[in-house]
Amino acid sequence: MSEDKNQFEDDYQKLLNETLNEVSEIQSYSKKSQTEIVTIGKNMARRTNIMISLAILLLIVPIMTLTTYLYYAIGGRADHLIDVVTKTIYVTEPNMGLEKLKLEDEVGFFSMNITFDVFKRIGKEDYRAGNYEIDFFLDHPNFPKKNMLLDRPLPEIPDKETEVLFHPKASIPFNQTDQWDILNKLPDGTVAEVYVSLNELMKPDVLQKHLPKNMELRWLAVDTGMEAAQVDKGGVPITPLGYPAQYDPTIWSPFRSYDQTNEEVFLDILSLLEKNQPVAEKVARAKSLALKSRLAYIKKQGINVYGAVITGPTEELRKLQNIKEIRALKVGEVKLWNWE
């Protein structure tokens, strides 16, 4: 038994020595090799993280896009915002409209961009007056980016010194004789746009009766109780509020209604803008519309106008100087003859 035990210990020791010899013969990695192994490991980990991140982004992008489309689609929010923007133009920009069918909109991540052209009627033709671009973050618009193409564009921010339509109780800052001289010196064979201010408030149909026949009443400036001061209660300049005097046959115009008069459409638009005043005030030139008080005033007093935009042959527009109800005139855009 003792011999067997000794033999086992000898064999074990022999096997252990052989194993240690084999291990000692294995060459260990150099420091450079170890560095390379660690670098390869880090790169593989980095690539793995990048691939995982890209996979997550590729998953998030369609989800965010779909969420944005749903935000603007549910309840017709995009159409509603576009409606507010376009109708603001009609009632705050004298003698200006747009082709809503050509309006372009693009939805991004929680945003929407709309672009459209605006037009003015001068004589018998509609001329491109410029371009608007408005960016929305959700339902909050930025100030419009405008590229106006007019010879005499209205000021970007209205004030008492640069206004073109004046209430009978408001002072006129420019020399009225100079404007009549400009009109008289324009060549015959042209058509023009003029802004006229009245000596007194009157109903639209009464104003129409005072005008010579061979010209067109385009836009009516409505008394809203603030035009005499030309500022709101906080002293911020306001813009004129008004509406097209003529029925508009274009299919995209809000003033193409067989069931309502232009006056009724105008009041409906003001009610819409009152509920969406922050959007309307970003779009309008004046940054105060004070729609609640102005709309209440109109509903109480009715529609009375203090000024208007008129277009027609230049030689016909000169006849306006003989109308005693007209207090002042400001010349707008002038184009070659198109009065056919």
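Residues numbered from 1 in each chain as written. Predicted model: local features only at pLDDT ≥ 70, side-chain atom pairs only at ≥ 80, totals over all residues. Heavy atoms only, no water.

J.: Honestly, the environment of Glu-125 in this entry has me stumped. Any pointers?
T.: Of note, Glu-125 is situated in strand β4 (residues 125–137). Here Glu-125 falls in the partly exposed class, since its relative accessible area comes to 38%. When the C-alpha positions of Glu-125 and Trp-337 are compared, they lie 9.9 Å apart, and in sequence the two are 212 residues distant. In this structure the side chain of Glu-125 is engaged in a polar contact, spanning 3.4 Å, whose partner is the side chain of Tyr-127. (Helix = DSSP H or I, 4+ residues; strand = E, 2+ residues; numbered from the N terminus. Buried < 20%, exposed > 50% of the residue type's maximum accessible area, 1.4 Å probe, protein only. Polar contact = N/O pair within 3.5 Å; in protein donor to acceptor, adjacent residues only side chain to side chain.)

J.: Looking at this model, I keep getting lost on a nonpolar patch on the surface. Mind explaining?
T.: A contiguous nonpolar surface patch, about 310 Å² in accessible area, is contributed by Leu-66, Leu-70 and Ile-74. For Leu-66, the location among the structural elements is in helix α2 (residues 31–73). Take Leu-66: its relative accessible area is 52%, and that puts it in the exposed class. (Patch = residues over 30% accessible without salt bridge, like charges linked within 9 Å, V, L, I, M, F, W, Y side chains within 5 Å. Areas by Shrake-Rupley, 256 points an atom, 1.4 Å probe, with all protein chains shown as cover. Salt bridge = Lys/Arg side-chain N within 4 Å of Asp/Glu carboxyl O.)

J.: Please explain helix α8 (residues 291–301) as it appears in this structure.
T.: Residues spaced three or four apart along an α-helix point in a common direction, a consequence of the helix completing one turn every 3.6 residues. The set of residues buried in α8 consists of Leu-291, Arg-294, Leu-295 and Ile-298. Considered in projection along α8, the buried side chains sweep an arc of 100° and stay on one side of the axis. Along α8, the residues that are exposed and aim more than 90 degrees away from the buried face are Lys-292 and Lys-300. (Arc of directions from axis to C-beta.)

J.: I tried to follow the packing of helix α3 (residues 77–92) against helix α6 (residues 262–275) on my own but got confused; where do I start?
T.: The angle between the axes and the distance between the axes are what describe a pair of packed helices. Where α3 meets α6, the axes come as close as 10 Å, and the angle between the chain directions of the two elements is 125°. Classified by the angle their axes make, α3 and α6 are oblique. Both α3 and α6 take part in a crossing whose hand is left-handed. Contact residues: His-80, Asp-83, Val-84, Lys-87, Thr-88 and Val-91 in α3; Phe-266, Ile-269, Leu-270, Leu-272 and Leu-273 in α6. Looking at the contact of α3 with α6, its residues break down into seven nonpolar, two polar and two charged. (Axes fitted to C-alpha atoms, helices over the stretch in contact; angles between N-to-C directions. Parallel < 35°, antiparallel > 145°, perpendicular 65-115°, else oblique. Left-handed = near helix turned anticlockwise from the far one by under 90°. Contact = heavy atoms within 4.5 Å. Nonpolar A, V, L, I, M, F, W, Y, C, P; charged D, E, K, R; others polar.)

J.: Would you explain a negative patch on the surface in this entry?
T.: A contiguous patch of negative charge on the surface is contributed by Asp-79, Glu-104, Asp-105 and Glu-106. In terms of residue count, the dominant contributor to the negative patch is strand β2 (residues 104–108) (three residues). Structurally, Glu-104 is set in strand β2. Residue Glu-104 is classed as exposed on the basis of its relative accessible area of 54%. (Lys, Arg positive; Asp, Glu negative; His and termini not counted. Charge placed at Lys NZ, Arg CZ, Asp CG, Glu CD.)

J.: How should the nonpolar core be read in this particular structure?
T.: If you look at soluble globular proteins, the nonpolar side chains tend to sit buried side by side. Ile-114, Phe-116, Phe-136, Leu-207, Phe-266, Ile-310 and Leu-320 are the most contacted members of the largest nonpolar core, which has 64 residues in total. Looking at this core, the element that brings in the most residues is α3, giving eight residues. The contact partners of Phe-116, leaving out residues within four places of it in the chain, are Val-85, Ile-89, Leu-98, Leu-103, Gly-130, Asn-131, Tyr-132 and Ile-134. (Core = buried A, V, L, I, M, F, W, Y, C linked by side-chain atoms within 4.5 Å.)

J.: Any chance you could explain the sheet that holds strand β10 (residues 305–313) here in plain terms?
T.: Sheet strands associate in pairs through backbone hydrogen bonding, adopting either a parallel or an antiparallel arrangement. With respect to topology, five strands assemble into an open sheet ordered β9-β8-β10-β7-β11, the strand pairing being antiparallel. In the strand order of this sheet, the two ends are held by β9 (241–244) and β11 (326–336), each with one partner. Looking at each pair of strands side by side, their axes are set apart by 20° on average, direction ignored. The pairing of strand β7 (residues 190–202) with β10 spans eight bridges and is antiparallel. The residue of β10 that forms the bridge with Val-191 is Pro-313. (Pairing = 2+ DSSP bridges.)

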